[in-house]
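# Tertiary structure, described
Each chain is listed here by its residues.
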Amino acid sequence: MREFFPEVKKVKYEGPDSKNPLAFKHYNPKQKVMGKTMAEHLRFAVCYWHTFKGLGADQFGANTIVRSYDDAADPMERAEQTMHAAFEFFTKLGVDFWCFHDRDIAPEADTLAETNKRLDKIVALAKKLQRDTGLKCLWGTTNAFSHPRFMAGAGTNPNPHVFAYAASQIKKAMEITKELGGQGYVFWGGREGYDTLLNTDMKRELDHLALLLQLAVDHKKKIGFKGQLYIEPKPKEPTKHQYDFDAGNCFAFLQKYGLLPHFKLNIEANHATLAAHTFHHELEFCAVNGILGSVDANRGDLLLGWDTDQFPTDLYDTSLAMYIILKAGGFTTGGLNFDAHVRRQSIDNLDLFYAHIGAMDAFARGLKIASKLMRSKVFEKAVNKRYSGWDTDFGKKVAAGKMDFTKLEAYILEKGEPKLQSGRQELLENILNEYI
Ligand code: XUL
Ligand code: CO
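Keep in mind that what you see is a predicted model, and the values were worked out from it rather than measured.

In this section: the coordination of the cobalt ion (ligand 2). Those protein atoms acting as donors to the cobalt ion (ligand 2) are Glu232 (OE), Glu268 (OE), Asp296 (OD) and Asp339 (OD), and they sit at 1.9 to 2.1 Å. In this structure, the cobalt ion (ligand 2) is surrounded by six donor atoms whose angles at the metal cover 81 to 171°, and the resulting shape is octahedral. When the donors of the cobalt ion (ligand 2) are listed by position in the chain, the intervening gaps give E-x35-E-x27-D-x42-D. Of this pair, Glu232 sits in the loop between strand 10 (228–231) and strand 11 (241–242) while Asp296 sits in strand 13 (residues 292–296), and the two are 64 residues apart along the sequence. Grouping residues by exposure puts Glu232 and Asp296 together as buried.

For side chains of opposite charge, pairing can occur when their charged atoms come near one another. A complete count under the given rule lists 17 salt bridges for this structure. The partner of Arg149 in a salt bridge is Glu108, with the nearest N and O atoms 2.8 Å apart. Placement of Arg149 in the loop between strand 7 (136–141) and helix 6 (160–179) and of Glu108 in the loop between helix 4 (102–105) and helix 5 (112–133) is noted, with a sequence separation of 41 residues between them. Between Lys203 and Asp207 there is a salt bridge, with its nearest N and O atoms 2.7 Å apart. Taken together, the residues Lys203 and Asp207, both in helix 7 (residues 202–223) and four residues apart, mark about one turn of the helix. Given a relative accessible area of 26%, Asp207 falls into the partly exposed group. Here the salt bridges share partners, and the residues they tie into one network are Glu3, Lys9, Glu88 and Lys92.

Another point: the sheet that holds strand 13. The strand order around the closed barrel formed by eight strands is 5-6-7-8-10-12-13-14, and the pairing between neighbours is parallel. For this sheet the average axis-to-axis angle between neighbouring strands, irrespective of direction, equals 30°. Lying on the sheet, helix 7 is in contact with strand 8 (184–187), strand 10 and strand 12 (263–268); it crosses strand 10 at an angle near 165°.

The rules behind these values
- Residues numbered from 1 in each chain as written.
- Chains lettered and ligands numbered in written order.
- Predicted model: local features only at pLDDT ≥ 70, side-chain atom pairs only at ≥ 80, totals over all residues.
- Heavy atoms only, no water.
- Donors = N, O, S within 2.8 Å, 3.2 Å for Na, K, Ca; no water.
- Tetrahedral: all angles 85-135°; square planar, octahedral: opposite > 155°, others 65-115°.
- Helix = DSSP H or I, 4+ residues; strand = E, 2+ residues; numbered from the N terminus.
- Buried < 20%, exposed > 50% of the residue type's maximum accessible area, 1.4 Å probe, protein only.
- Salt bridge = Lys/Arg side-chain N within 4 Å of Asp/Glu carboxyl O.
- Pairing = 2+ DSSP bridges.
- Axes fitted to C-alpha atoms, helices over the stretch in contact; angles between N-to-C directions.
- Contact = heavy atoms within 4.5 Å.

Here you go:
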């Protein structure tokens, strides 16, 4: 078999003192942390689109990256080579999962029937490679946003013909995800939003989006697909306003349309920051509402302010994210998918490895730090103390709704001003630094 990444044999754990840039310093897959191995906690996935199909192009210039698997003239031969290269990469890096869009793995043909035949061929190859390597599919998804037919949206398109096309694509993508044993299926509403309200019927678009998701739920049942469905919130890009703006928005939408029992969220760090939230805010919102599903692990750049999809390296982010994930009981079907791409100037194969190794180490450190926070209960104790008034007889009575306005007023008339307490933010931030 042709080797596409000959520069690297197998990335190994060498410990924090290693100076080898192609070794893990912190991610030791078999090391136990709070009763589970690091691999079981972190469930790392490589994404197909950025890692193998992203070749450095941006709005201002063409591809900068040349990959050896991309050299065949025939598009299907290219797709097959890319699949082989991908599994070589997954194996050398040592991740357990991968994620894909339908259109990443097989190029579109002239008709849907031909396109689906191409997909079947590639999926058979991927299935064989999964068997050979032990790799698993974390989730699949549909690209219903790149093709010009979807310029005005998929489910929210003003034209029902396009709605039907999107449905047909999702149908097939769910079927191949099932075929690959996918543990989940993601809906990212690529162009499910609007550029101007002057040409938009918002009510209809929201109803149609919900209908598309309901039809997907029905089809899932029909084919016996057991994976978890996720919605991935994002506030903008490519449209000015995306309907799945943030976790709060998705939660309200899912409740309104009775879809909540069928969906969890896939939280992407850079989407959180685009919505003017922190990554851990979005995770916490999901955790407290029981909709924390999976994570697209990346980061943005606050100075650039667009969806730069950089590899996560910030230990504050990874520690706080893992803290919330551990508090919520850890991943079940979800995991950490690196929805991130190397920079336009990072043109070497080695850069792909450095990027993933750094990100995996950053989350491994985050996991270790989070487990220490869990064990010491340092923040849990501080939070409990801050709310301890609610554990008194009076607090319990108020929380249970047993004190109406008149009784609350009588309480104040008798007791007067409350005693003020410090929020201790600076101290808590200092304590977090000690753990990091
Ligand atoms: C786009 C994005 C997508 C989804 C899958 O910003 O994050 O790659 O994760 O369609
Ligand atoms: Co994403």
